[in-house]
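# Notes for the structure review
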There are 2 protein chains.
Amino acid sequence: MSTSQAENITMSAGGRYSLATAGARDVIDGAAPLVVRAIGEVPAAAVKAGVFTMSDMGCADGGTSLGMVRAAVGAVRERFGGAVAVVYTDQLRNDFNALVHIVQDVGGDGVHTLFSATSFYDAILPPGSLHLGFSATAMHWLSGKPCDLAAHVHAVGAAGDEREKFAAQARADWQKILLHRAEELAPGGQLVLVVFCIDGRGRYLGNTGGVNMFAQFNALWRRFVDEGAVTEEEYRAMTLPQFYRTVEEFRAPLEGEGAAAQAGLELLEMETRIVPCPFAADFKAHGDAGKFAEAYIPTLRTWSESVFYGALSTARAEGERRAIVDDFYRAYGDAVRSHPAGHAMDYVHAYMRMRKTR
Amino acid sequence: MSTSQAENITMSAGGRYSLATAGARDVIDGAAPLVVRAIGEVPAAAVKAGVFTMSDMGCADGGTSLGMVRAAVGAVRERFGGAVAVVYTDQLRNDFNALVHIVQDVGGDGVHTLFSATSFYDAILPPGSLHLGFSATAMHWLSGKPCDLAAHVHAVGAAGDEREKFAAQARADWQKILLHRAEELAPGGQLVLVVFCIDGRGRYLGNTGGVNMFAQFNALWRRFVDEGAVTEEEYRAMTLPQFYRTVEEFRAPLEGEGAAAQAGLELLEMETRIVPCPFAADFKAHGDAGKFAEAYIPTLRTWSESVFYGALSTARAEGERRAIVDDFYRAYGDAVRSHPAGHAMDYVHAYMRMRKTR
């Protein structure tokens, strides 16, 4: 992939990410027990100089993890008593101005809020300085896309050689993420990672029995080509640099001769969970298809819009590119309005907890 | 003062601060030898776990301190060899999106860049975790203004009770800044603080023998009242929450029973320096008054514009407020164009180095 394209992928700015992603907050709230368990197992000897350092990697605007961070800070204060450093991290293109405002109340007596613009594909913190590394709904983003997909927008719809290229990239990226964390963690430090997955029954984000969200994305984008709104080249460029790993793929580098196991990371627990789409749940209660579409489409936009926009030729004027993207989500909204049943962006995650053994 | 007004004071956003402030960069480059000296005196035993932590407090967009930070990182790597954490700090309203981009190349192998949105009037870092605290051209900003000035825009033109209120605020604020730093510093850690001052000959920023910049600000702002462009109330509200301390005022809390001395801070060196206005120097070479005004006014705007804007009544439309501010700097530019001789924003700073003795 072109690096520049990866760098242009962002979550919605201006705090809109957390407003539109009540589901993502539910996902993180569900991880709070793992976080508290992790804090309970970090050995007191690991917390040098009385400062406990935790990170929230790929935090976007910080709004979805506020509850988890407060729970973690409370648990740390109760167990260790000393100061806590909370390091919010995301890539360089994140909206840090929104982030610092949204999380400003996390700081205060004994709690020091810091920010990093270093990607989790690099070393964020100094070696041995991290006690609890957390990340939710972020590490499905690959460091780049190995190829454009000829017939789909997402690797879940890829086949053959293209699929294998994505799987290989995902393997390399997962190992890279884990090795950087192994380096950052203090001995006895822990990781709680919540990552999109394909579960044991083949389910994944937006594909839990009803309409397949990515198939819908793809069908509409294909239709835009057929109607002449976008070119074949733009169709292919719309390839999400994401991969949903299986439980086996998550586990591989953490077992036996795996690189992460060799670096001292031990997998303590892993389970997959489905967190239901809050907008589809609301629709079941109110039954208003228009209202459903209006609430549902923004949550899809938060994470996909910058990729659709980036796929459009720069030969087009900026306004034209924006208009095509608007048309696309309008078309998705129309599909939801006319046949609302089955639309749902249920979240399917692997919840993992690991520790650094030495 | 109203807290909300203090919170609205910002340096220019979008990276314009460092572009317009070549002089501020010269000021910081001049501090590099003190920084290198400080690093040379931090005891190896203070650098626990091999990580050396430095901060740049009040960094704005980070552009003016790039050279100093690189010199510091080099000195740390040479002396200690381990990892370096560089913590850029500024208040919540700073433009962090510009900052993270401007300093992105500071990070890399063994150098970890972090950001804090905590003011230097609060605890930025955990106790005992800082090895070198740096700040330049920032700590003249008070935590608030104790009163509006009836007949000037800056405390340098205040008298009587008003002046005493500002001096008292500056005393309390300086002590607060130092006590927070004493808490943050590891034993043997050092501070290099470069702060606007009034030197032994009564000189201060923009008042080094030629036109007094603040008198010029005040005269023009007064003229705006006389011409009916701004109200008497708006005139008074334009009171910069700044104070230029004398060497004696800087020294007071660091001596004898002073609170900072009691907290373990020792003043190692202090001198005042004048760094000449680069735009006035250019003018001497090229002699073009128009060109001078065009280069000079933006550097005044970077730090004063948000205060002038904030002084204007919110009953005015935003566009009207912007237009008045534009008119004001245009009037200043006209004054420079018609009588360029003597205009200069020479910087007058106290350069201080301190250490935490225990």
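Residues numbered from 1 in each chain as written. Chains lettered and ligands numbered in written order. Predicted model: local features only at pLDDT ≥ 70, side-chain atom pairs only at ≥ 80, totals over all residues. Heavy atoms only, no water.

Check the secondary structure of chain A and you find 14 helices and eight strands. Expected size for 358 residues packed as a compact globule is a radius of gyration near 21 Å; at 20 Å, chain A falls within 12% of this value. Counting only C-alpha atoms and orienting by the principal axes, one finds that chain A spans roughly 65 × 45 × 40 Å. Going through the 358 residues of chain A one by one, you find that 58% of them count as buried. A fraction of 82% describes how many contacts in chain A between residues 6 or more apart in sequence connect residues 24 or more apart. Put simply, chain A shows about 13,300 Å² of open surface, and 50% of that area lies on carbon and sulfur atoms. (Helix = DSSP H or I, 4+ residues; strand = E, 2+ residues; numbered from the N terminus. Rg over C-alpha atoms; globule rule 2.2 N^0.38 Å. Buried < 20%, exposed > 50% of the residue type's maximum accessible area, 1.4 Å probe, protein only. Contact = heavy atoms within 4.5 Å. Areas by Shrake-Rupley, 256 points an atom, 1.4 Å probe, with all protein chains shown as cover.)

With that settled, the discussion passes to empty space enclosed by the protein. According to the stated counting rule, one finds three cavities of 30 Å³ or more in the structure shown. By volume, the largest cavity amounts to about 580 Å³. Residues that form the lining of the largest cavity fall into these classes: 19 nonpolar, eight polar and two charged. (1 Å grid on protein atoms, 1.4 Å probe; cavity = no way out; pocket = protein on both sides within 12 Å on 5 of 7 lines; lining within 4 Å. Points joined across faces, edges and corners; volume = space filled by probe spheres on them. Nonpolar A, V, L, I, M, F, W, Y, C, P; charged D, E, K, R; others polar.)

Right, let's talk about the state of the cysteines for a bit. Linking two cysteines covalently via their sulfur atoms produces the bond known as a disulfide. As enumerated under the stated definition, the model contains zero disulfides over all chains in all. The structure places no disulfide on C59 of chain A, whose sulfur is separated from the nearest cysteine sulfur, that of C59 of chain B, by 18 Å. Look at C59 of chain A and you get buried, because its relative accessible area is 3%. (Disulfide = S-S within 2.5 Å.)

So, about the pairing of strand β3 (residues 111-116) of chain A. All names here are of chain A. Counted residue by residue, β3 has six buried out of six residues, so it is predominantly covered. On β3, burial covers both faces: V111, T113 and F115 on one face and H112, L114 and S116 on the other are all buried. Pairing analysis gives six bridges linking strand β2 (residues 83-89) to β3, with the strands arranged parallel. Paired with V84 across the bridge in β3 is V111. For the crossover from β2 across helix α6 (residues 96-102) to β3, the handedness is right-handed. (Pairing = 2+ DSSP bridges. Right-handed = clockwise from strand over helix to strand, strands pointing away.)

Our next topic: the nonpolar core. Core analysis: the biggest nonpolar cluster contains 171 residues, and F217, W221 and Y296 of chain A together with F217, W221 and Y296 of chain B have the highest contact counts within it. Ignoring anything within four residues of it in the chain, the contact list for F217 of chain A reads V153, L300, W303, S304, F308, F328, Y329 and Y332 of chain A. Residues M57, Y121, I124 and C197 of chain B belong to the second largest nonpolar core, which totals 58 residues. (Core = buried A, V, L, I, M, F, W, Y, C linked by side-chain atoms within 4.5 Å.)

Right, let's talk about the packing of helix α8 (residues 213-226) of chain A against helix α13 (residues 289-311) of chain A for a bit. Residues and elements named next belong to chain A. As a packed pair, α8 and α13 sit with axes 13 Å apart at the nearest point and diverge in direction by 60°. As the angle between them shows, α8 and α13 are arranged oblique. Here α8 runs over α13; the crossing is right-handed. On α13, the residues touching M213, F214, F217 and W221 of α8 are Y296, L300, W303, S304 and F308. A breakdown of the residues in the contact of α8 with α13 according to their chemical character gives eight nonpolar, one polar and no charged. (Axes fitted to C-alpha atoms, helices over the stretch in contact; angles between N-to-C directions. Parallel < 35°, antiparallel > 145°, perpendicular 65-115°, else oblique. Left-handed = near helix turned anticlockwise from the far one by under 90°.)

All names here are of chain A. We note that A60 has phi near 55°; this positive angle belongs to a residue other than glycine. Mapped onto the elements, A60 comes out in the loop between β1 (51-57) and α5 (66-80). For T137, which is not glycine, the phi torsion reads 55° and is therefore positive. Within the secondary structure layout, T137 lies in the loop between β4 (130-136) and α7 (160-184).

The partner chain A presents 26 residues to the 26 residues of chain B that form the contact. Buried area between chain B and chain A, both sides added, is near 2,000 Å², and the carbon and sulfur share of it is 67%. In terms of surface lost to chain A, no three residues of chain B exceed L92, H112 and L114 of chain B, which account for 27% of the buried area on that side. Run the count over chain B and chain A and you get zero salt bridges. Where chain B meets chain A, there are ten residue pairs in polar contact (both at pLDDT 80 or more). Counting residues per element, the ones that place at least two in the side of chain B that touches chain A are β2 (83-89), α6 (96-102) and β3 (111-116) of chain B. Examining the composition of the side of chain B that touches chain A, we find that five residues originate from one element, β3 of chain B, more than from any other. (Buried area = accessible area lost by both parts, 1.4 Å probe. Salt bridge = Lys/Arg side-chain N within 4 Å of Asp/Glu carboxyl O. Polar contact = N/O pair within 3.5 Å; in protein donor to acceptor, adjacent residues only side chain to side chain.)

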